[in-house]
Amino acid sequence: MNVKFFPSLLSANFGALQSDIYQVENLVDGFHFDVMDGHFVPNLTAGAPVLEWLKSSKPFDAHLMIENPEKYVEDFVKAGARMISVHIEVLKEPLKTIQKLKDLKVKAGIVFNPETDIDDHINVIEAADFVLIMSVHPGFGGQSFIENVLEKIRKIRALYPEKDIQIDGGINAETVQKAVEAGANWIVSGSYFWKNENKAEAAKILTRN
Ligand code: DX5
Ligand code: ZN
């Protein structure tokens, strides 16, 4: 499967986001925009008004680590997100929210925290355009990769050979190999990518090209 790379803007320079985006957009497949509310995760980031100012020839992928995400999805679509993922842990009616995202003509993603089992939610995975498997506890960049989430990726890949499976958290030159071998095809990386002096080389390593 073709591996795609989405740098997480969380580890970019928030004072110069647009120039960071322009600098690397030819190397990447889209930009992962982390949204945190201080409730679902113990940290705050930026919301739709910030995304609205950002421009790129590549799509923006909004990862909503927030409670009641269904209330905000229209704002993120208007702000330019082309992919939106919501956490299974906070959704009262996951299938309804996935359908809402599809009706809004964005790629609909369902996210699983490291400790959340997928077995009770296979119908939601089936309905979603993509699945995001968290390989750290969401909230911060720069954490270590939690290897046992690979089992979930293997299970989903076996059930759905064509499903886009994204992985987020602790991805570097070493862990990306394991993630792709398990079946992930969309790679998110924050600190490893932005700290790397040679972005072209880092992007190559992360897509194993
Ligand atoms: C964590 C965010 C990630 C984060 C990943 O809560 O969802 O997207 O930026 O950062 P690294 O790659 O540093 O683990
Ligand atoms: Zn993320």
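One can find the structure itself at the top, above this paragraph.
On a predicted model such as this, the values are computed, not experimentally measured, just so you know. (Residues numbered from 1 in each chain as written. Chains lettered and ligands numbered in written order. Predicted model: local features only at pLDDT ≥ 70, side-chain atom pairs only at ≥ 80, totals over all residues. Heavy atoms only, no water.)

**Q** What am I meant to see in the pattern of salt bridges here?
**A** Pairing is possible between side chains that carry opposite charge, provided their charged atoms lie close to one another. Scanning all chains against the criterion turns up six salt bridges. Note that Lys100 and Glu74 form a salt bridge whose closest N and O atoms lie 3.6 Å from each other. Taken together, the residues span a long stretch of sequence, with Lys100 in helix H4 (residues 94–103) and Glu74 in helix H3 (residues 73–78) at a distance of 26 residues. Since its relative accessible area comes to 27%, Lys100 is described here as partly exposed. Salt-bridge contacts for Glu93 lead to Lys96; the nearest nitrogen and oxygen are separated by 3.6 Å. Overlapping salt bridges bring together Glu147, Glu174 and Lys178 as one network. (Salt bridge = Lys/Arg side-chain N within 4 Å of Asp/Glu carboxyl O. Helix = DSSP H or I, 4+ residues; strand = E, 2+ residues; numbered from the N terminus. Buried < 20%, exposed > 50% of the residue type's maximum accessible area, 1.4 Å probe, protein only.)

**Q** What should I look at first to understand unusual backbone geometry in this one?
**A** Peptide bonds are trans in most cases, and residues, glycine excluded, mostly fall at negative phi. A positive phi angle is found at Asn68, which is not glycine, with a value near 50°. Take Asn68: it is sitting in the loop between strand E3 (60–65) and H3. Residues other than glycine seldom take positive phi values, yet Lys105 does so here, at roughly 65°. The topology assignment puts Lys105 in the loop between H4 and strand E5 (107–112).

**Q** How do you make sense of the coordination of the zinc ion (ligand 2) when you look at a structure like this?
**A** A four-donor tetrahedral metal ideally has 109.5 degree angles, and a six-donor octahedral metal ideally has angles of 90 or 180 degrees. Around the zinc ion (ligand 2), the protein contributes the donor atoms His32 (NE2), Asp34 (OD), His63 (ND1) and Asp168 (OD), which lie 2.1 to 2.3 Å from the metal centre. One can describe the donor arrangement at the zinc ion (ligand 2) as octahedral, given that its six donor atoms subtend angles of 72 to 170° at the metal. Taken in sequence order, the residues that donate to the zinc ion (ligand 2) follow the motif H-x1-D-x28-H-x104-D. Remark: Asp168 occurs in strand E7 (residues 164–168) and Asp34 occurs in strand E2 (residues 31–36); sequence separation between them is 134 residues. Here Asp34 and Asp168 have matching classes, each one buried. (Donors = N, O, S within 2.8 Å, 3.2 Å for Na, K, Ca; no water. Tetrahedral: all angles 85-135°; square planar, octahedral: opposite > 155°, others 65-115°.)

**Q** Hey, could you run me through the packing of aromatic side chains in this one?
**A** Describing an aromatic ring pair means giving the distance of the ring centres and the angle of the ring planes. All chains considered together, the criterion is met by five aromatic pairs. Each ring, one from Phe6 and one from Trp186, has its centre 5.4 Å from the other, and the planes form 55°; the classification is tilted. Here Phe6 is found in strand E1 (residues 4–7), whereas its partner Trp186 is found in strand E8 (residues 186–189), with 180 residues between them in sequence. Assessed through its relative accessible area of 4%, Trp186 is described here as buried. Taken together, Phe5, Phe193 and Trp194 form an aromatic cluster joined through their ring pairs. Lying over the aromatic face of Tyr160, Lys163 brings its terminal NZ or CZ to 5.2 Å of the ring centre. Taking the ring centre of Phe193 as reference, the NZ or CZ of Lys199 above it sits at 5.9 Å. (Phe/Tyr/Trp six-rings, centres within 6.5 Å; stacked < 30°, edge-to-face > 60°. Lys NZ or Arg CZ within 6 Å of the ring centre and 35° of its normal.)

Function cannot be inferred from these measures alone, as they are strictly geometric.
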